[in-house]
Amino acid sequence: MREILGRLGRRRRLLSRRDGGRPEVLGAALTFATEWQWPVLPGVAPDPQGRARCGCPDPECTVPGAHPFDPGLLAATTDERMVRWWWTNRPTAPIILATGGTAPCAVSLPAPAAARALDALDRKGMRLGPVVAAPTRWSLLVKPYTMEQLGELLYAKDFVPGSLRFHSEGGYIALPPSETGQGQIRWERAPLPGSASPWVPDVEAVVDAVVEALTRTGVSAPEL
């Protein structure tokens, strides 16, 4: 256990290098793209005139600073030169992961329900992959899946909380250490080192476990 915690600490330091007291976003973006082969691109920044607002043209944007805009999602890449150029010119831009394809997908749910679900899964001894925590929602990274697979999985269930969201091909999430209009993105469960890309579980295992945990703990996971 001590060895695992030590390795975890080293990985967290790698993803949270400091430059003048601020997280070194470029270093994290390069790790994701070049070491882990996760396609990334810079997100639109929060509005400097009001951090809770987005820098995009939509005055009612619900994910301020936490989505792609210019460039669009299809520009996501693992190319080191492109990633370096983007964050050299936009050093504080959020890091957006284009989910699906060869990259991880994600299952997200409201933060309070996610915290209780993770506690329940820990007591059960279930192995989880990285968990990304935004102020309002947490995302559990999973292996890539198709919409057909997801549809069959959900159809077989009697109940699925309406607040669960699924980020597959064509989707995206913001990665640490991004700063968005809703606040800091961080690792609730940081990736452990030891492979070219962090291990992530199957979506079936995560959805089954999360739905069971929410049901057993009596958490309704309201829509957010």
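Keep in mind that what you see is a predicted model, and the values were worked out from it rather than measured.

1. Section: the overall build of the protein chain
Phase 1: Broken down by element type, the protein chain carries 6 helices and 12 strands.
Phase 2: Long-range contacts, defined as pairs at least 24 residues apart, comprise 78% of the intrachain contacts of the protein chain with a sequence gap of at least 6.
Phase 3: About 11500 Å² of surface is accessible on the protein chain, with carbon and sulfur atoms providing 52% of the total.

2. Observations concerning the pattern of salt bridges
Phase 1: Here the structure, examined in full by the defined rule, presents 6 salt bridges.
Phase 2: Note that Lys124 is salt-bridged to Glu212, the shortest N-O span being 3.0 Å. Of this pair, Lys124 sits in helix 4 (residues 111-124) while Glu212 is found in helix 6 (residues 203-217), placing the two residues 88 residues apart along the sequence.
Phase 3: Taking relative accessible area as the criterion, Lys124 reaches 53% and is therefore assigned exposed.

3. Overview of the environment of Ser163
Phase 1: Note on placement: Ser163 falls in the loop between helix 5 (147-155) and strand 8 (165-167).
Phase 2: Distance in space between the C-alpha atoms of Ser163 and Ala113 is 9.6 Å, their sequence separation being 50 residues.

4. Remarks on the nonpolar core
Phase 1: With 33 residues, the main nonpolar core has Phe32, Trp87, Ile95 and Leu175 as its most contacted residues.
Phase 2: Those elements that provide at least two residues to this core are helix 2 (25-35), strand 3 (40-42), helix 3 (80-89), strand 4 (95-98) and strand 9 (172-175).
Phase 3: Of all the elements, helix 2 adds the most residues to this core, at 7 residues.
Phase 4: Grouped together as the second largest cluster of nonpolar side chains are 29 residues, Leu118, Leu128, Ala133 and Val210 included.

5. A closer look at the confidence of the model for the protein chain
Phase 1: Summary statistics for the protein chain give a mean pLDDT of 81 and a share of 79% for residues scoring 70 or more.
Phase 2: By mean pLDDT, the top-scoring element of the protein chain is strand 6 (residues 131-133) (97), and the lowest-scoring one is strand 1 (residues 18-19) (42).
Phase 3: Here residues 1-23 is modelled with pLDDT under 50, and outside its nearest four sequence neighbours on either side it reaches 29 contacts, counting other chains as well.
Phase 4: Taken together, the stretch residues 220-224 has pLDDT below 50 and engages in 12 contacts with residues farther than four places along the chain or on a different chain.

Parameters and conventions
Residues numbered from 1 in each chain as written. Predicted model: local features only at pLDDT ≥ 70, side-chain atom pairs only at ≥ 80, totals over all residues. Heavy atoms only, no water. Helix = DSSP H or I, 4+ residues; strand = E, 2+ residues; numbered from the N terminus. Contact = heavy atoms within 4.5 Å. Areas by Shrake-Rupley, 256 points an atom, 1.4 Å probe, with all protein chains shown as cover. Salt bridge = Lys/Arg side-chain N within 4 Å of Asp/Glu carboxyl O. Buried < 20%, exposed > 50% of the residue type's maximum accessible area, 1.4 Å probe, protein only. Core = buried A, V, L, I, M, F, W, Y, C linked by side-chain atoms within 4.5 Å. pLDDT = per-residue confidence, 0-100.

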